[in-house]
Amino acid sequence: MSGRIQRVGVVGGGQMGAGIAEVCARAGLDTIVCEADATAAHAARDRVSASLDRAVQRGRLEPDAARDALARTVFTGSLEDLADRQLVIEAVIENADAKTEVFAALDKIVEDPAAVLATNTSSLPVMRLGMATTRADRVVGLHFFNPVPVLPLVEVVASLHTAPETVAVVEDFATATLGKSVVRSRDRAGFVVNALLIPYVLSAIRMAESGFATAADIDAGMELGCAHPMGPLRLADLIGLDTVASIAESLYDEFRESLYAPPPLLQRMVEARLLGRKTGRGFHMYGQG
């Protein structure tokens, strides 16, 4: 691959995938978002469009720039449309089998052997995904944070097989093209941020579960007493309780330390589909629409 990345694919158009696609399009890149089917692709387009509109309303983006970003983004239901991409970022559900399936398919579809296949996983081993391909040296972790258009950080995670030039390419992409800040992490569950964040969130869930304090008081304590912009339970709702549980399970599977074990309350809320903001109810209630 010669020169800087200009053609980007994003697999998954949910909250994270749509955000990644948006920042790529706003940076002037030829961007394709691939979803499971045409209906999901249309929903992904609506998600990106709504986010661009919010950026305009808040004065963060000019209307012409928003229109241009949406115009340079293609939404599709076929992975085959990613064949000519220089970089493909996977952002599907935080499930090892689903992500492995995507990487195995991309390995056959993406034509340029020098193209980079990146994962936005927040906790799964990059090595496992790389080994599903014939180009593990071109597979890397590129972990964005929600909301992607607002938060400046990206974690770059190299597996034991990832080539140094692959890391250099994605760091240049994240910093010079997208304007993000990068921290490097070894390929261990949770990387840097979630390995620190998730035990904190789980501790707050256990506190609520025990009846020690209410969700509102726990969050107020950390917001007003520690100057956190958002309390741990409201943050868990924003992340999605299913995602929090999935990250916790990955951390516990790797380290076998009790602080990483998902509390029963978290597991029950996931089973009940009380997942936070995206379902309208988690530790707090949220209006829909």
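Note that this is a predicted model, so its numbers are computed, not measured.

Overview of the packing of aromatic side chains
Part 1 of the reasoning: Tallied over the entire structure, the rule returns one aromatic pair.
Part 2 of the reasoning: With a centroid separation of 5.5 Å and an interplanar angle of 35°, the aromatic rings of phenylalanine 255 and tyrosine 260 are classed as tilted.

Quick word on the pairing of strand E8 (residues 181-186)
Part 1 of the reasoning: In this structure, strand E7 (residues 153-158) lies alongside E8, joined through six bridges in parallel fashion. Across the sheet, leucine 153 pairs through a bridge with serine 181, a residue of E8.
Part 2 of the reasoning: Crossover handedness for the path E7 to helix H6 (residues 164-177) to E8: right-handed.

Observations regarding helix H3 (residues 63-71)
Part 1 of the reasoning: Restricting attention to buried positions, one finds in H3 the residues Ala66, Ala69 and Leu70. One side of H3 holds all its buried residues, which, seen down the axis, span an arc of 95°. When the buried face of H3 is taken as reference, the exposed residues oriented beyond 90 degrees from it are Arg67 and Ala71.
Part 2 of the reasoning: Where H3 is buried, its residues meet helix H1 (15-26), helix H2 (38-57) and strand E3 (73-76).

Some details on the side chain of serine 185
Part 1 of the reasoning: Assignment of secondary structure puts serine 185 in strand E8.
Part 2 of the reasoning: Serine 185 has contacts with Val156, Val157, Ala158, Phe191 and Val192, leaving out every residue within four places of it along the chain.

Overview of the pattern of salt bridges
Part 1 of the reasoning: Per the stated rule, a full pass over the model turns up twelve salt bridges.
Part 2 of the reasoning: Salt-bridge contacts for lysine 278 lead to aspartate 242; the nearest nitrogen and oxygen are separated by 2.9 Å. Of this pair, lysine 278 sits in the segment after helix H11 (264-271) while aspartate 242 sits in helix H10 (residues 241-255), and the two are 36 residues apart along the sequence.
Part 3 of the reasoning: Its relative accessible area of 22% is what places aspartate 242 among the partly exposed residues.
Part 4 of the reasoning: Taken together, the salt bridges that share partners define one network made up of Arg7, Asp30, Asp84 and Arg85.

Things to note about the sheet that holds strand E5 (residues 116-119)
Part 1 of the reasoning: One open sheet holds the eight strands; their spatial order is E3-E2-E1-E4-E5-E6-E7-E8, and the pairing between them is mixed. Each end of this open sheet is capped by a strand with a single partner; those strands are E3 and E8. When the angles between neighbouring strand axes are averaged without regard to direction, this sheet yields 25°.
Part 2 of the reasoning: Of the pairings in the sheet, the one linking strand E4 (residues 87-90) to E5 comprises four bridges and is parallel in character. If you follow leucine 87 over to E5, its bridge partner there is valine 116.
Part 3 of the reasoning: Strands in contact with helix H4 (residues 96-109) are strand E1 (7-11), E4, E5 and strand E6 (139-144); relative to E5, the strand with the most contacts, it is inclined by about 170°.

Calculation criteria
Residues numbered from 1 in each chain as written. Predicted model: local features only at pLDDT ≥ 70, side-chain atom pairs only at ≥ 80, totals over all residues. Heavy atoms only, no water. Phe/Tyr/Trp six-rings, centres within 6.5 Å; stacked < 30°, edge-to-face > 60°. Pairing = 2+ DSSP bridges. Helix = DSSP H or I, 4+ residues; strand = E, 2+ residues; numbered from the N terminus. Right-handed = clockwise from strand over helix to strand, strands pointing away. Buried < 20%, exposed > 50% of the residue type's maximum accessible area, 1.4 Å probe, protein only. Arc of directions from axis to C-beta. Contact = heavy atoms within 4.5 Å. Salt bridge = Lys/Arg side-chain N within 4 Å of Asp/Glu carboxyl O. Axes fitted to C-alpha atoms, helices over the stretch in contact; angles between N-to-C directions.

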